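# Observations on the three-dimensional arrangement
One letter stands for each residue in the lines below.
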Amino acid sequence: MQVQTGDAFAVYGLLRAGESGFARFGLENAFAPLGSCTLRGQLYDLGAYPGLVDGAGSVVGELFEVRDASDMPKVDAFEDYWPEDPARSRYVRKKVRLIEPDRDAWVYIWVLGVETARLIPSGDWFKRETD
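Cut-off values and rules
Residues numbered from 1 in each chain as written. Predicted model: local features only at pLDDT ≥ 70, side-chain atom pairs only at ≥ 80, totals over all residues. Heavy atoms only, no water. Helix = DSSP H or I, 4+ residues; strand = E, 2+ residues; numbered from the N terminus. Contact = heavy atoms within 4.5 Å. Areas by Shrake-Rupley, 256 points an atom, 1.4 Å probe, with all protein chains shown as cover. Lys, Arg positive; Asp, Glu negative; His and termini not counted. Charge placed at Lys NZ, Arg CZ, Asp CG, Glu CD. Salt bridge = Lys/Arg side-chain N within 4 Å of Asp/Glu carboxyl O. Buried < 20%, exposed > 50% of the residue type's maximum accessible area, 1.4 Å probe, protein only. Core = buried A, V, L, I, M, F, W, Y, C linked by side-chain atoms within 4.5 Å. Pairing = 2+ DSSP bridges. pLDDT = per-residue confidence, 0-100.

## Topic: the overall build of the protein
Secondary structure summary: the protein contains two helices and six strands in total. Each helix (α) and strand (β) of the protein, taken in turn from the N terminus, gives the series β-α-β-β-α-β-β-β. Taken along the three principal axes of its C-alpha coordinates, the protein extends 35 × 30 × 25 Å. For the protein, the share of sequence-separated contacts (at least 6 apart) that also reach a separation of at least 24 residues comes to 66%. Of the roughly 6800 Å² of accessible surface on the protein, a fraction of 49% belongs to carbon and sulfur atoms. The average position of the 15 basic charges and that of the 21 acidic charges among the side chains of the protein differ by 1 Å.

## Description of the pattern of salt bridges
This structure, assessed with the given rule, holds nine salt bridges. When the shortest N-O distance is used, the salt bridge between D124 and R16 registers 2.8 Å. With D124 in the segment after β6 (118-119) and R16 in the loop between β1 (8-11) and α1 (21-24), this residue pair connects regions lying 108 residues apart in the sequence. The same class applies to D124 as to R16, namely buried. Across the pair R97 and D102 runs a salt bridge whose closest N-O atoms are separated by 2.9 Å. Each of R16, E62 and D124 takes part in a single network of salt bridges with overlapping partners.

## Topic: the nonpolar core
One broad rule of soluble globular proteins: the nonpolar side chains tend to lie buried together. In terms of nonpolar packing, the biggest core is built from 38 residues, with F9, Y12, L39, L52, L98 and Y108 touching the most fellow members. Among the secondary structure elements, those contributing two or more residues to this core are β1, β2 (31-45), β3 (50-66), α2 (72-78), β4 (91-97) and β5 (104-110). If we ignore the near neighbours within four places in the chain, the residues touching L39 are A10, Y12, L52, G57, S58, V59, V60, G61, L98, I99 and V107.

## Section: the pairing of β3
Two strands pair when backbone bridges link them, and β1 and β3 are joined in this way by four bridges, in the antiparallel orientation. Along β3, the bridge assignment pairs A10 with L63. Examined bridge by bridge, β2 and β3 share 13 bridges and lie antiparallel to one another. The partner of Q42 across the bridge, within β3, is V53. The loop that links β2 with its antiparallel partner β3 comprises four residues; one of these, G47, has a positive phi angle of about 110 degrees.

## Brief notes about the environment of E19
Checked against the element boundaries, E19 lands in the loop between β1 and α1. Residues within four places of E19 in sequence aside, it is in contact with G13, L14, W125 and F126.

## What to know about unusual backbone geometry
Here the residue pair E100 and P101 is connected by a cis peptide bond, since its omega of -10 degrees sits within 30 degrees of zero. Structurally, P101 can be placed in the loop between β4 and β5.

## Some thoughts on the confidence of the model for the protein
Of all residues in the protein, 95% have pLDDT values of 70 or greater, and the mean over the chain is 91. Per-element confidence in the protein ranges from a low mean pLDDT of 69 for α1 to a high of 98 for β5.

Structure below.
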């Protein structure tokens, strides 16, 4: 299943407003902001970036509409997701059901271990320093 133009895409870390992701790759026009969202799972501080994993809890995110799906390979590369080489990937891109709003959206899920990572209790990457 591939991301299509018009699909919803949820982000929770470096691709959120105020972080480096979209601007770094010149992708501001490839995604239309739809507002805040809440995802199921737990958020871990992996150092320079976060990782979302399955689990009890909620994670603060932002929701976007994909304006141009042809830009997804750039975002996949930024997120260390290599669909043609899963063993090389740190994340997998997956369609999930959000808590809020009640809809489906694509999101990157961390696939490596979190044993040495710190849980962010608030589920908000922006509050990681105070959690």
